[in-house]
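So the chains spell out like this:
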Amino acid sequence: MLFTKKSLTADGFTGFRPLDELDSMRIPHGPGIFAVLRPADFEPAFLSRSTAGTFKKKDPSLKREVLEAEWLPEASVLYLGKASAGSQGNRGLRQQIQELMDYGRGRPTVVWDARLIWQLRDALDLVIAWKELPAHEVNAAEAAYHADFIATFGRLPFANLVQARSRK
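Residues numbered from 1 in each chain as written. Predicted model: local features only at pLDDT ≥ 70, side-chain atom pairs only at ≥ 80, totals over all residues. Heavy atoms only, no water.

Okay, the overall build of the protein next. A tally of helices and strands in the protein yields 4 helices and 4 strands. The secondary structure elements of the protein, listed N-terminal to C-terminal, are α-β-β-α-β-α-β-α. The C-alpha radius of gyration of the protein comes to 15 Å, within 12% of the 15 Å expected for a compact globule of 168 residues. Each of the 168 residues in the protein was classed as buried or not, and the buried ones make up 48%. A sequence separation of at least 24 residues applies to 79% of the contacts in the protein between residues at least 6 apart. Approximately 8,700 Å² of the protein is accessible, and the part contributed by carbon and sulfur atoms is 50%. Charge centroids of the protein, computed over 23 positive and 20 negative side chains, lie 6 Å from each other. (Helix = DSSP H or I, 4+ residues; strand = E, 2+ residues; numbered from the N terminus. Rg over C-alpha atoms; globule rule 2.2 N^0.38 Å. Buried < 20%, exposed > 50% of the residue type's maximum accessible area, 1.4 Å probe, protein only. Contact = heavy atoms within 4.5 Å. Areas by Shrake-Rupley, 256 points an atom, 1.4 Å probe, with all protein chains shown as cover. Lys, Arg positive; Asp, Glu negative; His and termini not counted. Charge placed at Lys NZ, Arg CZ, Asp CG, Glu CD.)

Quick look at the structure:
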């Protein structure tokens, strides 16, 4: 997979909304996979302090050198994540993406893995897309997307800090 808007669309992703125009009521409730992409003209400018909230009293900010080392200029996709149904069946894409947005607004949450997104100066210009999946396919799909991305680019997307593994 090329991990472009075109290839993601062909693979079933929809949405493709800039974060600053995102209406959470238009995001499906069900489980699935989501991707954060940069627009074609996006140039990274790193903030010295992240806009993200703290998690377990830890500052989400990283040094500029670390951010620069993680940046993949040839990749459009900056983050690949999952939204499971949760143990009560009441989670999903809408809840997970809303938590991601809340985290970027400085609210504490458990979306720690995506914290590099919120150290980009123009993070709200980024685009988010999603793909609904049956709950039993979400973990394997996330692991497969991560593996495909690594096969294509040699490492995980910019804001993914941990490679997903398929759970049996």
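On to the pattern of salt bridges. Under the counting rule described, the total for this entry stands at 7 salt bridges. A salt bridge links Glu70 to Arg155; its shortest N-O distance comes to 3.9 Å. Here Glu70 is found in helix 2 (residues 64–70), whereas its partner Arg155 is found in the segment after helix 4 (138–153), with 85 residues between them in sequence. Looking at Glu70, the relative accessible area reads 25%, which means it is partly exposed. Judged by relative accessible area, Arg155 falls into the partly exposed class, the value being 27%. Note that Arg105 and Asp102 form a salt bridge whose closest N and O atoms lie 3.7 Å from each other. (Salt bridge = Lys/Arg side-chain N within 4 Å of Asp/Glu carboxyl O.)

A word on the side chain of Ser61. Within the secondary structure, Ser61 is located in the loop between strand 2 (32–37) and helix 2. Ser61 sits in the buried class, given a relative accessible area of 19%. A polar atom in the side chain of Ser61 sits 2.8 Å from the backbone nitrogen of Ser50. Ser61 has contacts with Ser48, Arg49, Ser50 and Gln119, leaving out every residue within four places of it along the chain. (Polar contact = N/O pair within 3.5 Å; in protein donor to acceptor, adjacent residues only side chain to side chain.)

Here Gln96 is to be found in helix 3 (residues 93–104). Using a relative accessible area of 17% as the deciding quantity, one classes Gln96 as buried. A polar side-chain atom of Gln96 sits 3.0 Å from a polar atom in the side chain of Arg91.

This part takes up the sheet that holds strand 4 (residues 127–132). Taking strand neighbours across the sheet as the criterion, the 4 strands line up as 1-4-2-3 in an open arrangement whose pairing is antiparallel. Strands with a single pairing partner mark the edges of an open sheet, and in this sheet they are strand 1 (14–18) and strand 3 (77–83). Looking at each pair of strands side by side, their axes are set apart by 20° on average, direction ignored. As judged from the 6 bridges shared by strand 2 and strand 4, these two strands associate in the antiparallel manner. (Pairing = 2+ DSSP bridges. Axes fitted to C-alpha atoms, helices over the stretch in contact; angles between N-to-C directions.)

Core analysis: the largest hydrophobic core is formed by 29 residues, its most contacted members being Ile117, Trp118, Leu120, Leu126, Ile128 and Phe158. Elements represented by at least two residues in this core include exactly strand 2, strand 3, helix 3 and strand 4. Among the elements that line this core, the one with the most residues is helix 3, at 5 residues. Leaving out residues up to four positions away in the same chain, Leu120 has contacts with Phe42, Pro44, Ala45, Phe46, Leu47, Trp71, Leu78, Leu126 and Phe158. Membership of the second largest hydrophobic core comes to 19 residues, among which are Leu8, Phe13, Val127 and Ala141. (Core = buried A, V, L, I, M, F, W, Y, C linked by side-chain atoms within 4.5 Å.)

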